[in-house]
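Each chain is listed here by its residues.
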Amino acid sequence: ILMDIAKGIRTRKDAKINLKGDAEKIFSEIQPASAYALKPDDFFSLAPKLLVKEGEAVKKGQAVFFNKANDRVKFVSPVSGTLQEIVRGPKRKILAIRILADDKKQTVTHKLTALDKASREEVVAALLESGCWPFIQQRPYGIIANPDDQPKAIFVSTVSTAPLGVDYSFILENRKEDFQKGIDVLNKLAADKVFVGVDKDFSGIFGEIKNMNSYTVDGPHPAGNVSLHIQHLAPLNMGERVWTVRPEDVANIGSFYASGIFSAQRTIAIAGSAVKSPKYFRTTIGAEIAPYLENAQLDTTQPTRVINWGVFTGVADHSKGYLGYFNNLVSVIPEGNNFRLFGWLPFVDNKIPSLSNTSLSRLFNRKGYEVTTNLNGEERALVVTGEMEKVFPFDIFPMQLLKACMIEDIEKMELLGIYEIVPEDFGLIDYANTSKVEAQEIIRKGIELMIKEVG
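Description of the structure in this document.

Cut-offs used in this document
Residues numbered from 1 in each chain as written. Predicted model: local features only at pLDDT ≥ 70, side-chain atom pairs only at ≥ 80, totals over all residues. Heavy atoms only, no water. Helix = DSSP H or I, 4+ residues; strand = E, 2+ residues; numbered from the N terminus. Rg over C-alpha atoms; globule rule 2.2 N^0.38 Å. Buried < 20%, exposed > 50% of the residue type's maximum accessible area, 1.4 Å probe, protein only. Areas by Shrake-Rupley, 256 points an atom, 1.4 Å probe, with all protein chains shown as cover. Lys, Arg positive; Asp, Glu negative; His and termini not counted. Charge placed at Lys NZ, Arg CZ, Asp CG, Glu CD. Contact = heavy atoms within 4.5 Å. Polar contact = N/O pair within 3.5 Å; in protein donor to acceptor, adjacent residues only side chain to side chain. Phe/Tyr/Trp six-rings, centres within 6.5 Å; stacked < 30°, edge-to-face > 60°. Lys NZ or Arg CZ within 6 Å of the ring centre and 35° of its normal.

1. Here's the deal with the overall build of the protein
Here's step 1: Broken down by element type, the protein carries 11 helices and 21 strands.
Here's step 2: Here the C-alpha atoms of the protein give a radius of gyration of 22 Å, agreeing with the 23 Å that 2.2 N^0.38 yields for 455 residues.
Here's step 3: In terms of its C-alpha atoms, the protein occupies a principal-axis envelope of roughly 65 × 50 × 50 Å.
Here's step 4: By the burial criterion, 52% of the 455 residues in the protein qualify as buried.
Here's step 5: A total of about 21,300 Å² of accessible surface is found on the protein, and carbon and sulfur atoms cover 49% of it.
Here's step 6: When the 55 positive and 56 negative side-chain charges of the protein are each reduced to one mean point, those points stand 1 Å apart.

Following this line, the structure appears as structure tokens:
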């Protein structure tokens, strides 16, 4: 890593995975979705407690459930409507709270003290009461921030380097005032220590935003991951906290502080090689994704997989699913249910993007690969090859950390940097390592163990 706040961050350990199906930078206007869902699993290590019952009417911004660990952290309805169904899984775990929108458009409005006159405590209270607080996450662990903490800094990364990643500059081009207001609110929380990572060209609105510590980000994935920025601009020491907010949620916080009404705006891209017309849509948090998939025209000649978020870190869903709380992307790629004869041979129908110099795929398809979900092999022994380190720019030994998580050695996990990463930072390792181990799932279980045993 080469870095300072003036020159920015540039990675040398990375990988450019060029996939077909990037969303065209146009907005398609369609009728708003009629059904929405809040999914507690969108929030890491959350135990929800319901505040409403099935059949009950809810206003936009009305609290639907709260966090059992901290009852001040509320989760509100993104729309006005009726709570249609509470979907439960094994042991009555709440999987989703489905809300059917109505035309009444009733809202909860909050009275706010002017930002320049408000104390930090008043700002925190307003964000908690309005339902905006879940937009703010903390490191370590990538969980919802504790309102009682004083963060070392707040980070916002406006650069998406993952395959099929969205363009935040395009998404927010008409929300400059909201984004600026959101930055001003965050400055109240972090004593003017708000860091915003921008493209090396300062494209779009971000070059015009004031009152932030900006730094440039250059390089392929995972250069845009906020964990990397934190490690080199505000590294965590024992007991310290750093908060993170996604770009569109900064604008949502700003919109709330301008109007007093909870803002649930969400812009999504429907992208991937199985999409005939990949493009952007303006919608709402938790919207059903079927109308947007239909408008983008999926390829119906072959089985496809709908992924809520990106191909590295998203969750497999179906066409009748609901948008994840933080998601700006729905990826659709062909299902990998076919197998190549002698697929292990490097010269036989080798069209899969590989990070190995021995693969002929590196010479072809430079305009973009059409990938499937096929793993091209089963899980194998975890051996030392050095391939993980080649695509992992953090100052961490990834294989050693994975092994420490697998044997649940808390002391080694601490020494090897478990506090500095979240599962999505291992997305490229999931793709690159030939052992086929689920690195993100291993890290997730390791973090869950740390929360339970260390807190």
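2. Describing unusual backbone geometry
Here's step 1: The omega angle of the peptide bond from Arg-139 to Pro-140 is 10°, so this bond is cis rather than trans.
Here's step 2: Within the secondary structure, Pro-140 sits in the loop between β11 (136-139) and β12 (143-144).
Here's step 3: Here His-221 and Pro-222 are connected by a cis peptide whose omega angle stands at 10°.
Here's step 4: As for its position among the elements, Pro-222 is in the loop between β15 (213-218) and α4 (226-233).
Here's step 5: Phi is positive for Leu-164, which is not a glycine, with a value near 65°.
Here's step 6: Relative to the helices and strands, Leu-164 resides in the loop between β13 (153-157) and α2 (168-171).

3. Regarding the environment of Asp-42
Here's step 1: The residue Asp-42 is located in the loop between β4 (35-38) and β5 (48-50) in this model.
Here's step 2: Asp-42 gets classed as partly exposed once you look at its relative accessible area, which sits at 25%.
Here's step 3: Sequence separation of Asp-42 and Gly-324 is 282 residues, and the distance between their C-alpha atoms is 6.4 Å.
Here's step 4: Other than its neighbours up to four places away in sequence, Asp-42 contacts Gly-324, Tyr-325 and Phe-326.
Here's step 5: A polar contact is formed between the side chain of Asp-42 and the backbone nitrogen of Tyr-325, at a distance of 2.9 Å.

4. Topic: the packing of aromatic side chains
Here's step 1: Summed over the entire model, instances satisfying the criterion amount to 20 aromatic pairs.
Here's step 2: Aromatic side chains Phe-43 and Phe-326 sit 5.6 Å apart centroid to centroid with 75° between the ring planes, which places their arrangement in the edge-to-face category. Of this pair, Phe-43 sits in the loop between β4 and β5 while Phe-326 sits in the loop between β20 (315-317) and β21 (329-334), and the two are 283 residues apart along the sequence.
Here's step 3: On the accessibility criterion, Phe-43 (4% relative accessible area) is buried.
Here's step 4: Within the aromatic cluster, the residues linked to one another by ring pairs are Phe-43, Phe-65, Phe-75, Phe-135, Phe-262, Tyr-325 and Phe-326.
Here's step 5: The residue whose ring lies beneath Arg-282 is Phe-27, and the NZ or CZ to ring-centre distance is 3.7 Å.

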